[in-house]
Amino acid sequence: MDFNVKKFASDAGVFFTRAVQFTGEKLGQSEKTELDAHFENLLSRADSTKNWTEKIFRQTEVLLQPNPSARIEEFLYEKLDRTVPSRPNNGELLGQYMQDAAKDFGVGTPYGSTLMHVGDCERRLGSAHREFLQTSAISFLTPLRNFLEGDWRTISKERRLLENRRLDLDSCKARLKKAKLAESKAAVSPSYARLRLPLPEEVDKAEHELRVAQTEFDRQAEVTRLLLEGISSTHVNHLRCLHEFVEAQTAYYKQCHLHMQDLKKELDRFPNAFAGKPGHSMASDGSSSPGKAVDPLDVASTVETDTLKIEEVQAPATGTRKAKVLYDYDAADTSELSLLADELITVYTVPGMDSDWLVGERGNQKGKVPVTYLELLS
């Protein structure tokens, strides 16, 4: 216990002395051993690397997991060395809700069937996002964290030790300077020498302490220099990790694009509720907008043209196709043809017709039919 108290008192005295010395350096009242320009550049480069790596690491965490509560939970589990419980992410949860709703509304209905397909796509997107997070964490976040929590802590520890060695060196220089000053005063005034210790011994002791301090400082400076020069290897490693992160992002977005393309193809096979009525078509094609007056003569002309032309249309010599009707459809007016599910009709297009519609024929009957209600066979 006595030993610990003495050590504590000694450490406290050293800390206080260094604090006074450091304050004097800041105020310009004490001399300071300067490091060479190359060493200062290494220190600046290391600090810059640490600061930017920390910012990139934190922002990447936010990008991959925007929910701060989830990030805190993952941090706590990591510190406790436990596995984070597996739970569905937002995409997977949305897909599950959509598919549950589809079962409730009826998978055979247009809305229910579409919900089922969109929900399946959302679940696949959620699964792809989960794989992207895992890949990014292993290939990018983990190396950055290892640098901040491993290499950088070692560098910081050695830098603090070097700073202490420098303060000890400067303190020894100050003591030697003070001993030589006292020796020179004693040579001039013998009465001054009688008040102090033997001056030659004091100077020799100060010179010995300076040599020891200089050796320890040089040794610690070399150790710190080697660690700082290793920052170049850190940059090379982070460059490789950055390439892997970009590759993971590319694969993720490519996979999402493929899922969405597949979903679009699936949805194109089902009827579009907004394409079934001519009134919706006019509102969606931008021909009229809120606040803009519509000429009644133009509307009447359009309707009259559609009604008259459908009766005059003749099937082309080539270009007709067979189509299977997917859903029942009730004609909105005399220009359209009513449809029954699973029946076969002949369809073709004519110049100037909206791409969402075809001309359909069934025996002697003829009229416009929506493309989304059909499956083209040949």
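Per an unreviewed UniProt entry, the protein chain goes by Endophilin-B1 and derives from Esox lucius. The UniProt entry for the protein chain carries the following comment under Sequence similarities (unreviewed entry): "Belongs to the endophilin family." Regarding the protein chain, the relevant UniProt record gives this comment under Subunit (unreviewed entry): "Homodimer, and heterodimer with SH3GLB1."

Draft legend 1. Focus on the overall build of the protein chain. What the protein chain contains, in helices and strands, is 10 helices and 5 strands. Burial status across the protein chain gives 30% buried among its 378 residues. Nonlocal contacts in the protein chain, meaning residues at least 24 apart in sequence, comprise 69% of its contacts between residues at least 6 apart.

Draft legend 2. Representation of the packing of helix α2 (residues 37-64) against helix α8 (residues 231-268) in the model. Between α2 and α8, the least distance of the axes is 12 Å, while the angle of their chain directions is 20°. By the angle between their axes, α2 is roughly parallel relative to α8. Note that α2 runs across α8; the crossing there is left-handed. The segment α2 lies against α8, with Arg45, Ala46, Thr49, Thr53, Thr60 and Leu63 engaging Ile231, Ser232, His235, His238, Phe245 and Gln249. Here the contact of α2 with α8 is built from residues that sort into 4 nonpolar, 7 polar and 1 charged.

Draft legend 3. Fine view of unusual backbone geometry. In this structure, Asp342 takes a positive phi of about 80° despite not being glycine. Its place among the elements puts Asp342 in the loop between β1 (321-325) and β2 (344-348).

Draft legend 4. Fine view of α2. Taking 1.5 Å per residue, 28 residues should reach 40 Å; α2 reaches 40 Å between its end C-alpha atoms and fits that length. For α2, the set of buried residues is Phe39, Leu42, Leu43, Ala46, Thr49, Lys50, Thr53, Phe57, Thr60 and Leu64. Structurally, the start of α2 carries an N-cap: the backbone nitrogen of His38 is 3.1 Å from a side-chain oxygen of Asp36.

Draft legend 5. Expanded view of the sheet that holds strand β4 (residues 365-370). An order of β4-β3-β2-β1-β5 is seen for the 5 strands of this open sheet, with the pairing classed as antiparallel. In this open sheet, the two strands that pair with only one neighbour each are β4 and β5 (374-376). Geometrically, the sheet is characterised by an average inter-axis angle of 40° between neighbouring strands, direction not taken into account. Across 6 bridges, strand β3 (residues 357-362) lies against β4 in antiparallel orientation. Within the sheet, the bridge partner assigned to Gly360 lies in β4 and is Gly367.

Draft legend 6. A look at helix α4 (residues 90-105). The terminal C-alpha atoms of α4 lie 22 Å apart, and with 16 residues this matches the ideal 22 Å at 1.5 Å per residue to within 8%. Three or more residues of α4 are buried, namely Gly91, Glu92, Gly95, Met98, Gln99 and Ala102. The buried residues of α4 occupy an angular sector of 125° when projected down its axis, which confines them to one face. Residues Asn90, Tyr97 and Asp104 are exposed on α4 and point more than 90 degrees away from its buried face. Between a side-chain oxygen at the N-terminus of α4 and the backbone nitrogen of Gly91 the separation is 3.3 Å; the capping residue is Asn89. Where α4 ends, the next residue or the one after it, Gly106, has phi of about 110°, a positive value.

Draft legend 7. How the structure looks around the side chain of Glu122. Residue position: Glu122 is located in helix α5 (residues 110-188). Look at Glu122: it is buried, it has no salt bridge, and the nearest opposite charge is Arg124 at 9.8 Å. Leave out the neighbours within four places in its chain, and Glu122 touches Gly91, Glu92, Leu94, Gly95 and Met98.

Draft legend 8. Representation of the packing of aromatic side chains within the structure. Scanning all chains against the criterion turns up 8 aromatic pairs. Judged by centre distance (5.0 Å) and plane angle (55°), the rings of Tyr252 and Tyr253 are tilted. For Tyr253, a relative accessible area of 53% puts it in the exposed group. A ring pair is formed by Tyr327 and Tyr373, whose centres lie 6.2 Å apart and whose planes are at 85°; its orientation type is edge-to-face. Here Tyr327, found in the loop between β1 and β2, pairs with Tyr373, found in the loop between β4 and β5; they are 46 residues apart in sequence, far enough to count as distant.

Draft legend 9. Representation of the pairing of β2. Taking burial as the measure, the 5 residues of β2 include 4 buried ones, the bulk of the element. In the sheet, β1 pairs with β2 via 4 bridges, with the strands oriented antiparallel. Note that in β2 the partner of Arg321 across the bridge is Val347. The sheet contact formed by β2 and β3 spans 3 bridges and is antiparallel. Each residue of the ladder has a partner; that of Val347, found in β3, is Gly360.

Draft legend 10. Spatial organisation of a nonpolar patch on the surface. On the surface, Ile72, Phe75 and Leu76 cluster together into a nonpolar patch covering about 300 Å² of accessible area. Turning to its location among the elements, Leu76 is positioned in helix α3 (residues 68-79). Assessed through its relative accessible area of 46%, Leu76 is described here as partly exposed.

Draft legend 11. Examining the state of the cysteines more closely. As enumerated under the stated definition, the model contains 0 disulfides in all. Left without a disulfide partner, Cys121 is nearest to the cysteine sulfur of Cys256, which lies 8.5 Å away. Judged by relative accessible area, Cys121 falls into the buried class, the value being 0%.

Cut-offs applied
- Residues numbered from 1 in each chain as written.
- Predicted model: local features only at pLDDT ≥ 70, side-chain atom pairs only at ≥ 80, totals over all residues.
- Heavy atoms only, no water.
- UniProt positions renumbered as here; feature names shortened; annotations may be inferred.
- Helix = DSSP H or I, 4+ residues; strand = E, 2+ residues; numbered from the N terminus.
- Buried < 20%, exposed > 50% of the residue type's maximum accessible area, 1.4 Å probe, protein only.
- Contact = heavy atoms within 4.5 Å.
- Axes fitted to C-alpha atoms, helices over the stretch in contact; angles between N-to-C directions.
- Parallel < 35°, antiparallel > 145°, perpendicular 65-115°, else oblique.
- Left-handed = near helix turned anticlockwise from the far one by under 90°.
- Nonpolar A, V, L, I, M, F, W, Y, C, P; charged D, E, K, R; others polar.
- Expected span 1.5 Å × (residues − 1).
- Polar contact = N/O pair within 3.5 Å; in protein donor to acceptor, adjacent residues only side chain to side chain.
- Pairing = 2+ DSSP bridges.
- Arc of directions from axis to C-beta.
- Lys, Arg positive; Asp, Glu negative; His and termini not counted.
- Salt bridge = Lys/Arg side-chain N within 4 Å of Asp/Glu carboxyl O.
- Phe/Tyr/Trp six-rings, centres within 6.5 Å; stacked < 30°, edge-to-face > 60°.
- Patch = residues over 30% accessible without salt bridge, like charges linked within 9 Å, V, L, I, M, F, W, Y side chains within 5 Å.
- Areas by Shrake-Rupley, 256 points an atom, 1.4 Å probe, with all protein chains shown as cover.
- Disulfide = S-S within 2.5 Å.

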